[in-house]
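Results of the structural survey
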Amino acid sequence: MRLFLSILFLFSYSFGLAEVEFFADKKLANKTIVFIEHKMYPPDHHNTGNIFQKGEINQDSWHRVAKNSVLYLCKFDNTGNVAQVSEIATAPNGVIRDCSVSFDATKIVFSMRKDFDDSYNLYEYNLSTKTTRQLTFMQDCSDINPSYLPSGEIVFSSTRASKYCGCNRHIMCNLYKCDADGNNIIQIGNSIEFENGASVMADGRILYTRWEYVDRNFSGAQGLWTCNPDGTRHSLFWGQETNNPALDAVELASGKVVAILGSCHDLPWGALAIIDRNIDVEGKHSVVKIYPKEAIDLVDFPDRWSDAMAHNLKIKYQYPTIFDKNTIAVSRKLSENDRNLGLFLVDISSDKQTLFAKCKTQYRGWGLFNVKVVEQKQTPPVIPPQCNLTSEKATVYVSNVYEGTHLKGVKKGDIKYLRIVENPPKLSWSVGAWSAQGEQAPAMNYHDFDNKIILGVVPVEDDGSAYFEIPSGKFVYLQALDKNMKMIQSMRSGFSAMPDEVVSCAGCHESRKSPPSVSLKASKALRKAPAKIQTFSFCGKPFSYAKMIQPIFDNNCVGCHDLGGNAASALSLAGDKGLVFNRSYMELHNRGIINVIGAGGNAVVQANTWGARHSTLIDVIDEGHVDSLTKEEKDTLIAWIDINAPYYHSDDTAFFNNPSGRSPLTAEEILELQRLCKVKILNEKRKHILFLKDYKLELISFDRPDLSNILCKLKKDTPEYNRAIEIIKLGAKRLKENPRPDMEGFKMSERSNKLKCRFEKFRHIEKQSRTALQNNQKIKDSKSLK
């Protein structure tokens with residue numbers, strides 16, 4: 001039996017009527033559900049790029065999705081037929097998304113953006129009074145994906161942190177929470193990319209998707225994490241190395257979750273999977289069920305871009321929820337050839353999939369999403385707060401650095417220090433990009449996305465323990481160092497501690513499947529007060545190659561290794577500015593003189609495989625090749641290599657639209673150079689400077705145009721030579737007039753200054769909210785940063 005229900009919209013478009021068609025199912029008997037109708041998000045660069053916030057790079061895509069969105073409440077009778085449907089909220093010119101039901105089934109929280117000039121804010125519908133109230137009001141950010149916490153507070157994702165995607169240009173979200181009335185908004189997640197899809201587990205923890213990459217591939221780094229509702233105890237749950245983004249997970253049973261295994265460069269949909277962490281924390285063997293079944297061959301598929309699901313799945317799923325202990329409710333493509341999404345019930349025992357609601361429309365790109373069951377559920381326990389929000393520090397305890405899975409060849413006593421490195425957020429972007437591993441927009445490093453700030457080092461006791469203070473609220477990672485402060489092993493993830501939180505771990509990349517070894521005797525580190533961070537001249541500031549590394553070469557090396565010097569053919573360490581970086585930086589990388597991991601693979605690597613200990617540059621120095629080098633200079637070089645050899649200290653750019661965001665020459669001028677010099681350095685279609693791994697030398701010198709290698713095939717005083725050098729000198733003139741960040745005289749652009757001011761204003765609001773919350777006061781959400 002089928003029951004058709006026509007619902008009249010206030011359409012401003014020509015098709016006038018829209019229908020939701022329901023199909024009876026016994027499992028629906030006496031159930032009440034909520035779900036959302038809206039147009040499908042248009043494709044964007046990443047699965048996170050569906051906010052379309054005003055003022056951001058993809059804002060115009062908003063107009064492709066903002067039509068007649070409705071949040072429905074639907075009741076079924078005792079036969080499983082629809083009995084009543086009502087519209088809880090409508091957005092004729094906007095989008096409603098991401099609904100959640102309170103544990104007592106009296107309230108529904110959702111995110112809504114009413115029109116282009118609006119922003120996503122949180123709203124709450126009261127099922128008893130049938131009234132809606134707005135909870136958050138800020139127009140300079142987007143608040144999405146809310147879920148109720150056991151305390152009555154609400155966790156959600158927001159762009160209030162005002163940071164950008166390291167491998168592209170999109171604004172990112174972090175986890176936040178607010179009081180039940182929307183007051184006292186504070187940030188509880190601080191990883192450098194995207195945090196979303198929060199749901200609450202039976203033990204009261206938050207389960208969410210976290211996208212972050214430190215010195216690793218960007219595309220396979222969307223795993224499932226957990227944290228306490230106060231933002232403490234962020235821990236990996238599953239999938240940090242598995243090459244499929246794990247999205248919108250919900251707990252099915254202890255250790256088991258239902259999630260979407262999707263793709264990096266696609267909509268946030270993919271295969272529907274049941275994952276059993278009790279089996280493993282990575283890989284396909286922990287995926288105990290998957291729909292469609294053939295998708296199991298795509299789990300952890302060795303695809304550089306993590307897009308196997310996007311290219312090979314014909315049926316895709318989105319936004320799963322637990323309907324009952326044996327049934328998943330989920331949005332799904334209606335068929336292989338029908339792009340629209342309907343609501344399905346998936347029986348876990350039989351694998352039977354039953355359609356129970358769809359949009360009845362001739363138009364493509366419509367769907368029903370975020371189905372939730374409206375019924376009382378046992379409220380998980382409230383985890384007490386474990387932080388003091390007004391503090392500015394936290395402590396870290398490592399019980400034994402030698403307890404780990406990737407410490408082959410490391411003997412007890414080898415590790416003497418831990419280096420603490422901050423991975424700061426990206427606060428600006430450029431149109432031009434450097435295409436190495438992903439897109440750096442603008443270029444930051446040879447093969448990695450971020451700048452680094454070394455905070456300092458702390459001691460490791462001879463029993464392998466360490467106990468030390470760190471500043472709270474900074475996203476940091478640790479490196480294990482030898483007696484010469486050279487890196488033995490490095491984290492390729494990070495953590496951020498809440499104020500006064502005690503962060504602890506068993507060891508260095510310890511097994512997440514086995515319990516740590518236990519000693520009845522207190523470690524040596526815990527017998528002392530937490531260590532203070534020891535700093536050096538290069539600590540506490542963004543690492544700048546031009547200011548901190550090139551002067552070492554200028555003072556000690558360029559006498560022989562300058563352009564035209566007697567050792568230049570082996571290695572040039574000249575600081576001449578090139579199209580993207582400078583001459584010495586490119587040569588050190590291209591000639592393999594330094595051994596860094598760049599944006600390496602997903603998997604944890606063994607100790608002693610990269611860094612200063614394995615770099616020819618440091619070997620030569622240790623052998624006494626450069627007598628004039630001071631200890632401070634040598635220590636600076638070692639630290640720079642160990643943190644993956646960054647170049648730019650700022651993501652601001654002097655040449656916003658030009659290739660790489662750093663080149664003073666336009667794409668057209670570079671293409672002309674290509675034709676004149678018969679050397680390919682630009683992707684003509686995408687206007688990106690090529691990754692120059694096939695070249696041993698930087699091709700252009702803006703400091704000394706006549707020494708540019710790109711001219712080597714041209715005869716002097718020919719029209720081709722004269723035009724080529726004229727173009728290079730034009731670039732040199734622009735650099736002098738508008739210095740980029742690797743030059744003296746660089747000034748922050750007006751655009752980047754505005755973005756930084758936005759970041760600082762949100763940080764100020766965050767500080768006010770934390771103080772208020774700590775003092776049992778209330779701060780309402782502002783409508784604007786102005």
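Residues numbered from 1 in each chain as written. Predicted model: local features only at pLDDT ≥ 70, side-chain atom pairs only at ≥ 80, totals over all residues. Heavy atoms only, no water.

The next point concerns the environment of N121. As for its position among the elements, N121 is in strand β8 (residues 121-126). A relative accessible area of 0% means that N121 is categorised as buried. Sequence separation of N121 and R763 is 642 residues, and the distance between their C-alpha atoms is 19 Å. Contacts of N121, omitting those with residues within four sequence positions, involve F110, S111, M112, Q134, T136, F137, M138, Q139 and D143. (Helix = DSSP H or I, 4+ residues; strand = E, 2+ residues; numbered from the N terminus. Buried < 20%, exposed > 50% of the residue type's maximum accessible area, 1.4 Å probe, protein only. Contact = heavy atoms within 4.5 Å.)

Before going further, it helps to examine the pattern of salt bridges. What the rule picks out here adds up to 43 salt bridges. Of the charged contacts, one joins D781 and R160 as a salt bridge, the two residues approaching to 2.9 Å between their closest N and O atoms. Highlighted residues: D781 in the segment after α10 (750-774) and R160 in the loop between β11 (154-158) and β12 (174-178), separated in sequence by 621 residues. Between R704 and D562 there is a salt bridge; the shortest N-O distance is 2.8 Å. Taken together, the residues span a long stretch of sequence, with R704 in the loop between β37 (688-689) and α9 (719-737) and D562 in the loop between α4 (558-561) and α5 (583-590) at a distance of 142 residues. Where salt bridges share partners, they join D143, R160 and D781 into one cluster. (Salt bridge = Lys/Arg side-chain N within 4 Å of Asp/Glu carboxyl O.)

Running from amino to carboxyl end, helix α8 (residues 667-677) crosses α9 at an angle of 150 degrees, the nearest separation of the two axes being 9 Å. Classified by the angle between their axes, α8 and α9 sit roughly antiparallel to one another. Where α8 crosses over α9, the handedness of that crossing is left-handed. From α8, E669, E672, L673, L676 and C677 reach across to α9, where they touch E720, R723, A724, I727, I728, L730 and R734. Among the residues making up the contact of α8 with α9, the classes are represented as seven nonpolar, no polar and five charged. (Axes fitted to C-alpha atoms, helices over the stretch in contact; angles between N-to-C directions. Parallel < 35°, antiparallel > 145°, perpendicular 65-115°, else oblique. Left-handed = near helix turned anticlockwise from the far one by under 90°. Nonpolar A, V, L, I, M, F, W, Y, C, P; charged D, E, K, R; others polar.)

Another point: unusual backbone geometry. Cis geometry marks the peptide bond from Y291 to P292; its omega dihedral reads -5 degrees. One non-glycine residue with positive phi stands out, namely R233, at about 60 degrees. If you trace the backbone, R233 turns up in the loop between β16 (222-227) and β17 (235-238). By relative accessible area, which is 36% here, R233 ends up partly exposed.

Let us look at the nonpolar core. Counting 71 residues, the largest nonpolar core has L588, W640 and I710 as the members making the most contacts within it. Where this core is concerned, the elements lending two or more residues are β29 (434-436), α2 (545-548), α3 (550-556), α5, α6 (616-622), α7 (631-642), α8 and α9. When residues of this core are assigned to their parent elements, the largest contribution, seven residues, is made by α9. For L588, the contacting residues outside a window of four places in its chain are Y545, F553, L571, L573, I593, I594, L617 and W640. Ranked by size, the runner-up nonpolar core spans 28 residues in total, among them A66, F116, Y120 and M172. (Core = buried A, V, L, I, M, F, W, Y, C linked by side-chain atoms within 4.5 Å.)

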